[in-house]
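# Descriptive structure summary
In case you want the letters, here they are:
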Amino acid sequence: MSGGEVAGILVAVFWAILVSFLAVALARLAQTLRATTKLVADVTDQAVPLLAEASSAVRSAQTQIDRVDAIASDVQEVTSNASALSTTVASTFGGPLVKVAAFGYGVRRALGGRKEHAPAKSPRRTVIVGRTVPAARRAKRKKD
């Protein structure tokens, strides 16, 4: 065997090894692509019902929002009616009630005047929370 024939055999063996490695790599790539295709199909099968459920949930939420909007507009109308009613009542009865109360107070003061022999009432004491009584007044109170 000559040197050219040995070199040809070596090149043929390396090409065979290279082709076998490429065949294994292509087989694994094909297997990965099949698994990916199956995964995408499974995700699609699961995503379609989820999207349908999400769509129905959004429609239901929109219905509820429409109901709440109707309720809010009714509450606003009731509030404006109550405001108008309170304004009407205040303007109708407010002035005359104040006048009747003032008249009653004046009558009581005129009829229940102060008696001459009754002593004048002492002025009321005002209590201020957090304030202390001066020392001279404290000593006076302890004696009493």
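Residues numbered from 1 in each chain as written. Predicted model: local features only at pLDDT ≥ 70, side-chain atom pairs only at ≥ 80, totals over all residues. Heavy atoms only, no water.

As recorded in an unreviewed UniProt entry, the protein goes by the name DUF948 domain-containing protein, listed as coming from Streptomyces chromofuscus.

## Topic: the overall build of the protein
When helices and strands are tallied, the protein shows two helices and zero strands. Taken across its 144 residues, the protein has 0% of its residues classed as buried. When the accessible surface of the protein is split by element, carbon and sulfur atoms take 66% of a total near 13500 Å². (Helix = DSSP H or I, 4+ residues; strand = E, 2+ residues; numbered from the N terminus. Buried < 20%, exposed > 50% of the residue type's maximum accessible area, 1.4 Å probe, protein only. Areas by Shrake-Rupley, 256 points an atom, 1.4 Å probe, with all protein chains shown as cover.)

## A closer look at the UniProt feature "transmembrane region" (unreviewed entry) in the protein
As recorded in UniProt, the feature "transmembrane region" (unreviewed entry) lies at residues 6-29. Secondary structure content for residues 6-29 is 100% helix and 0% strand, and the end C-alpha separation is 34 Å. (UniProt positions renumbered as here; feature names shortened; annotations may be inferred.)

## Describing a nonpolar patch on the surface
A surface patch of nonpolar side chains, amounting to about 840 Å² of accessible area, comprises Met 1, Val 6, Ile 9, Leu 10, Val 13, Phe 14, Ile 17 and Phe 21. Position of Phe 14 relative to the elements: it lies in helix 1 (residues 3-111). (Patch = residues over 30% accessible without salt bridge, like charges linked within 9 Å, V, L, I, M, F, W, Y side chains within 5 Å. Salt bridge = Lys/Arg side-chain N within 4 Å of Asp/Glu carboxyl O.)

## Digging into the environment of Ser 73
On the secondary structure map, Ser 73 appears in helix 1. A distance of 2.7 Å separates a polar side-chain atom of Ser 73 from the backbone oxygen of Ala 70. (Polar contact = N/O pair within 3.5 Å; in protein donor to acceptor, adjacent residues only side chain to side chain.)

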